[in-house]
Amino acid sequence: MAVVSTVCLALGLTGLLWFLRERSRRRVHPVTGGIDRSTVLPHTGEVELYSNSFSHCSRKVRLALEELGISVSHHSIELIETGWYQTISPAYLKVNPSGLIPTLVHQGHPVFESDDILLYAQSIAGTSAPVLTPEDPGQRAQMQHWLDFCTISSADAMAGMALRAGACIPGLTLPMFVACIQQVPLRRILVGLLFHFDRKRPVLFVASKLLGLRRMLSSKPVRTLMHGSRDAMGKHLRNLNAELYGHGQPWILGERYSLADITLACLLLRLEETGWLRWFEQNESIPEVTQYYQRLKARPAWARAIVNHQSSVVARAENTLRDAVNADPELAVRIYGDPATEAHRVRGQTAW
C-alpha cells in the first residue's frame, strides 16, 4: 500500500512540475504594434510571414503583400480551429510573445499587429509598387476609418459592435468555429484549458466538441450572440452599401484601390464562407456591396493570397455547415433567425 501511495505521489509531483514548466514556457506578454528593432529572430528570407489561412487578420496582411508585390517566405501557424494551439507553443511565442497572429519578420525584426503590418508593408515595397495608402490627408483619414471599422480587437473582440463591423465577426463566425472544431481531437482542445491566455475560448470549443453542431448552435446563449451580431452587421452593410452607391466609384475611397478595400474584402470573405453574406443579400438591399465584393475577388492578388492558401479543415467545415443547414430548416432558423417573424426583416430566406 505504501508503495502505491509513493508511486501516486511521485506521478502527481511529476505532473505538477511538468505543468508549471509548460505554463512558464507558454506565458504570453503584450507587444507594441509596429517593428521591434531590438529583437532579431532567426530568418532565412528578407521578409517572412507567420500567419494562418483562416485568420481574418492574417488574410489582410497576405492580400496587402501580394498587392504590393513583396516576395514573402510563409510560415503556417495553426489555430485550434484549424488543428491545434500552435499560437501558444513555446516556439511561436519566441516570434510573437503575445501569442497572436500574424507576425511579419523583416530582416529578422518582428512587426506586430495586423494594421501596423499593413502600413509597414507599404514602407518596404519597391518604388514600382502600387500606393495603397493615400497621400491626401483627408483620404488617409477615410482609409483609417475603414481600417478601424473592420478591426477585431485582441483585447475584447466583440466590443463596440454598434460602431465596428469587425466586432460582429466573432459572433457570426460561431457556426464555422463549431463546424471546424468537430474535426479536432478533444485532447488538443483541452490543452487550451491548461495554457490559453483567454480561457473563454477553450471553454467554448470544448462545449462545441462535446455538444456537436446542432445542439451547440441551438443553445439560447449562442443564438443570442449570433443574432445580436447579425443585427449590428446588417446595419453596417446597409451603410456600406449607401457609401458605395453615393460616390459610384469602384473602390471604397473612389478610383484608387487602398488598404481600406483590403480590410473590407477580408470582412466580406468571412461573411461569405459562414453563409451570412448570402443571407444578408437575400434579406437586405445591398446590391452595391455584392458588386463591390465581386470586383475585389476578381483582382489577381486575391487568388494568390486567399484562394491558394485555403485550409482543408475550413473547406470541410464550410461543406458540413452548408449541408446541415440545407438538410435541417429548423437549424437554419436557429442559426440565422427567422426573418418572417422579425419586424425589421423583409422576407424569409435561409443562407446558401
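Structure first, text after, so check above.
First, a word on what this report is: a plain description of the structure on this page. (Residues numbered from 1 in each chain as written. Predicted model: local features only at pLDDT ≥ 70, side-chain atom pairs only at ≥ 80, totals over all residues. Heavy atoms only, no water.)

### Details of the overall build of the protein chain
Secondary structure assignment for the protein chain yields 15 helices and five strands. Computed over its C-alpha atoms, the radius of gyration of the protein chain comes to 22 Å, within 12% of the 20 Å expected for a compact globule of 352 residues. Its C-alpha atoms give the protein chain principal-axis dimensions of about 80 × 55 × 30 Å. Among the 352 residues that make up the protein chain, the fraction classed as buried is 49%. Pairs at least 24 residues apart make up 75% of the contacts formed inside the protein chain by residues separated by at least 6 positions. Working note: accessible area of the protein chain is about 16,200 Å², and carbon and sulfur atoms make up 56% of it. Positive and negative side-chain charges of the protein chain, numbering 37 and 31 respectively, have mean locations separated by a distance of 8 Å. (Helix = DSSP H or I, 4+ residues; strand = E, 2+ residues; numbered from the N terminus. Rg over C-alpha atoms; globule rule 2.2 N^0.38 Å. Buried < 20%, exposed > 50% of the residue type's maximum accessible area, 1.4 Å probe, protein only. Contact = heavy atoms within 4.5 Å. Areas by Shrake-Rupley, 256 points an atom, 1.4 Å probe, with all protein chains shown as cover. Lys, Arg positive; Asp, Glu negative; His and termini not counted. Charge placed at Lys NZ, Arg CZ, Asp CG, Glu CD.)

### So, the packing of aromatic side chains
Tallied over the full model, the rule gives eleven aromatic pairs. Three or more aromatic residues joined by ring pairs form one cluster here, namely Trp276, Trp279, Phe280 and Tyr336. We note Arg270 situated over the ring of Phe54; from NZ or CZ to the ring centre the distance is 4.1 Å. The ring of Tyr257 carries the charged tip of Arg299 above its face, separated from the ring centre by 3.6 Å. (Phe/Tyr/Trp six-rings, centres within 6.5 Å; stacked < 30°, edge-to-face > 60°. Lys NZ or Arg CZ within 6 Å of the ring centre and 35° of its normal.)

### Describing the sheet that holds strand β1 (residues 34-35)
The sheet built from five strands is open, its strands ordered β1-β5-β4-β2-β3 with mixed pairing. For this open sheet the edge positions go to β1 and β3 (73-76), each flanked by a neighbour on one side alone. By the bridge criterion, four bridges tie strand β2 (residues 47-51) to β3 in an arrangement that is parallel. Paired with Glu48 across the two strands is Ser73, which belongs to β3. Contacts between helix α2 (residues 56-68) and the sheet are confined to β2, β3 and β4 (103-106), with β2 contributing the most and set at about 155° to the helix. (Pairing = 2+ DSSP bridges. Axes fitted to C-alpha atoms, helices over the stretch in contact; angles between N-to-C directions.)

### What to know about the packing of helix α9 (residues 220-247) against helix α12 (residues 287-297)
Between α9 and α12, whose axes approach to 7 Å, the crossing angle comes to 75°. The orientation of α9 with respect to α12, classified from their angle, is roughly perpendicular. Across from Leu237, Leu240, Asn241, Leu244 and Tyr245 in α9, the residues of α12 making contact are Pro287, Glu288, Val289 and Tyr292. (Parallel < 35°, antiparallel > 145°, perpendicular 65-115°, else oblique.)

### Some words on the nonpolar core
Counting residues in hydrophobic clusters, the biggest one holds 90 residues, and the most contacted among them are Met233, Leu268 and Leu271. Here the element with the most residues in this core is helix α10 (residues 259-273); it accounts for ten residues. Residues in contact with Met233, not counting those within four places in the same chain, are Ala165, Cys168, Ile169, Leu172, Leu267, Leu271 and Phe280. Counting residues in each nonpolar core, the second largest holds eight residues, with Leu41, Tyr92, Val95 and Val105 among its members. (Core = buried A, V, L, I, M, F, W, Y, C linked by side-chain atoms within 4.5 Å.)

### Describing the side chain of Ser229
Relative to the assigned elements, Ser229 resides in helix α9. In this structure the side chain of Ser229 is engaged in a polar contact, spanning 2.9 Å, whose partner is the backbone oxygen of Leu225. With residues up to four places along the chain from it excluded, the contact list for Ser229 reads Met158, Met161, Cys168, Gly171 and Leu172. (Polar contact = N/O pair within 3.5 Å; in protein donor to acceptor, adjacent residues only side chain to side chain.)

In short, geometric facts, not functional conclusions.
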